[in-house]
Amino acid sequence: LKERLLRRLISCIVLLFALMPVVAHADVGLMLEQPIGTWGRISGVGHVAIYLSRICAEFPTMLRLCKPGEAGVVISRYDHADRYDWTAIPLIPYLYAVDQPWEIPSSSNAQIVARLRDSYRRKHLEGIAPDGAYGRTPHGHWTELVGSAYERRIYVFEIETSTAQDLKLIQMLNAQPNNYKFNLFFRNCANFAQSILDFYYPHAIHRSFTVDIGLMTPKQVAKSLVSYAEHHDNLQFSIFEIPQVPGKIHRSGKV
């Protein structure tokens, strides 16, 4: 089983980091992440983030177009991840808490993940998560910014974008105040994902009053995007899975 999961992981890395640079267009990708923890398994809600293949981060709160060889960023809204409304993390660190694909461990446990996350934090995220007392690793939700694939299985729904659209998004996000605004019901990660996808394709994402009593959820964002793609088959659309890294960490639940 571990060998099969590892082969799937390697295949995913090949897709993300080898094939992506030769694609003629860029994409915005919805990353639907399976729930973790007791509350996550009870609610089944999970988390959702946005992957931008042509957009990169000068630093976690300032965007720019990617340079050759860069793989884009993952951007999302988090609860109490410092004082910002959104944070942008390069794709590989977001998934695996390392800078390069060959640094990804073939299996993991809680100690390995904690070490990788803290090492990345000390190199790149001191401004968001500074050292605790006596140089110790700080507490807090900053750990959600890196190493997501150790804890969750992730489904990615990608739809094409243009350079002009990406430049407008960069301009908008860099110009707006990036202040903490999280609210569990009305300004959560799904609401943020909806705002980004609707920026690219207005009215693509809609709420469900019968299933989610009008609240926006990660699964509803994904369902809306799939429906939009089905009705706009002129747009290139793809779906793939990023498996949870094999190891001793609890497997994520179902969305």
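Keep in mind that what you see is a predicted model, and the values were worked out from it rather than measured. (Residues numbered from 1 in each chain as written. Predicted model: local features only at pLDDT ≥ 70, side-chain atom pairs only at ≥ 80, totals over all residues. Heavy atoms only, no water.)

Asks: Residue-level account of the overall build of the protein, with values.
Replies: Looking only at helices and strands, one finds 7 helices and 8 strands in the protein. Here the protein holds 255 residues, and 49% of them are scored as buried. The contacts of the protein with a sequence gap of at least 6 include a subset with a gap of at least 24, amounting to 69%. Of the roughly 12900 Å² of accessible surface on the protein, a fraction of 57% belongs to carbon and sulfur atoms. (Helix = DSSP H or I, 4+ residues; strand = E, 2+ residues; numbered from the N terminus. Buried < 20%, exposed > 50% of the residue type's maximum accessible area, 1.4 Å probe, protein only. Contact = heavy atoms within 4.5 Å. Areas by Shrake-Rupley, 256 points an atom, 1.4 Å probe, with all protein chains shown as cover.)

Asks: Quick one: what's the story with the side chain of Gln194, residue by residue and with numbers?
Replies: With respect to the helices and strands, Gln194 occurs in helix 6 (residues 189–200). The class for Gln194 is buried, based on a relative accessible area of 17%. Leave out the neighbours within four places in its chain, and Gln194 touches Ile205 and Met216.

Asks: Please set out helix 6 residue by residue, giving values where relevant.
Replies: In this model, helix 6 (12 residues) spans 17 Å end to end at C-alpha, consistent with the 16 Å of a helix rising 1.5 Å per residue. Taking burial as the measure, the 12 residues of helix 6 include 10 buried ones, the bulk of the element. Listing the buried residues of helix 6 in full gives Cys189, Ala190, Asn191, Phe192, Ala193, Gln194, Ile196, Leu197, Asp198 and Tyr200. Structurally, the start of helix 6 carries an N-cap: the backbone nitrogen of Ala190 is 2.9 Å from a side-chain oxygen of Asn188. (Expected span 1.5 Å × (residues − 1). Polar contact = N/O pair within 3.5 Å; in protein donor to acceptor, adjacent residues only side chain to side chain.)

Asks: Can you explain the state of the cysteines? Please cite residues and give values.
Replies: Evaluated as defined, the whole model comprises 1 disulfide. Note that Cys56 is cross-linked by a disulfide to Cys66, the S-S spacing being 2.0 Å. Between Cys56 and Cys66 the disulfide shows an S-S torsion of about 95°. By sign, it is right-handed. Remark: Cys66 occurs in the loop between strand 4 (62–65) and strand 5 (73–76) and Cys56 occurs in strand 3 (residues 55–59); sequence separation between them is 10 residues. Judged by relative accessible area, which is 5%, Cys56 ranks as buried. Residue Cys66 is classed as partly exposed on the basis of its relative accessible area, which comes to 22%. (Disulfide = S-S within 2.5 Å.)

Asks: Summarise the side chain of Asp85; cite the residues concerned and give the values.
Replies: By the secondary structure assignment, Asp85 is in the loop between strand 5 and strand 6 (87–90). Side chain to side chain, Asp85 and Arg77 meet in a polar contact 2.7 Å long.

Asks: Can you tell me about the nonpolar core, naming the residues and giving the values?
Replies: General note: in soluble globular proteins, nonpolar side chains tend to be found buried as a group. Counting residues in each nonpolar core, the largest one holds 35 residues, and the members touching the most others are Leu30, Ile50, Leu52 and Ile75. Broken down by secondary-structure element, the contributors of at least two residues to this core are strand 1 (26–33), strand 2 (47–52), strand 3, strand 5, strand 7 (154–161), helix 5 (163–175), helix 6 and helix 7 (218–230). Among the elements that line this core, the one with the most residues is helix 6, at 7 residues. Counting residues in hydrophobic clusters, the runner-up holds 32 residues, among them Ala49, Tyr96, Tyr120 and Ile242. (Core = buried A, V, L, I, M, F, W, Y, C linked by side-chain atoms within 4.5 Å.)

Asks: Account for unusual backbone geometry, with residues named and values stated.
Replies: Although it is not a glycine, Ala97 adopts a positive phi angle of roughly 60°. By secondary structure assignment, the location of Ala97 is in the loop between helix 3 (91–96) and helix 4 (110–124). You can call Ala97 buried: its relative accessible area is 4%.

Asks: Tell me about the packing of aromatic side chains, and please be specific about residues and values.
Replies: Under the definition given, this model contains 3 aromatic pairs. For the ring pair Tyr96 and Tyr150, a centre distance of 6.2 Å and an interplane angle of 80° mean the geometry is edge-to-face. Remark: Tyr150 occurs in the loop between helix 4 and strand 7 and Tyr96 occurs in helix 3; sequence separation between them is 54 residues. Among the residues examined, Tyr96 registers a relative accessible area of 0% and is labelled buried. Note on Tyr201 and Tyr228: the rings are 5.5 Å apart at their centroids and 40° apart in plane angle, and the pair reads as tilted. Taken as a pair, Tyr201 in the loop between helix 6 and helix 7 and Tyr228 in helix 7 lie far apart in primary sequence, 27 residues in all. Here the two residues Tyr201 and Tyr228 agree in accessibility, since each one is buried. (Phe/Tyr/Trp six-rings, centres within 6.5 Å; stacked < 30°, edge-to-face > 60°.)

Asks: Describe the pattern of salt bridges, with residues and values.
Replies: Applying the stated rule across the entire model yields 13 salt bridges. Glu33 is the salt-bridge partner of Arg152, the closest N and O atoms lying 3.5 Å from each other. With Arg152 in the loop between helix 4 and strand 7 and Glu33 in strand 1, the pair connects residues that are 119 residues apart, well separated along the chain. Here Glu241 makes a salt bridge to Arg153, at a shortest N to O gap of 3.2 Å. (Salt bridge = Lys/Arg side-chain N within 4 Å of Asp/Glu carboxyl O.)

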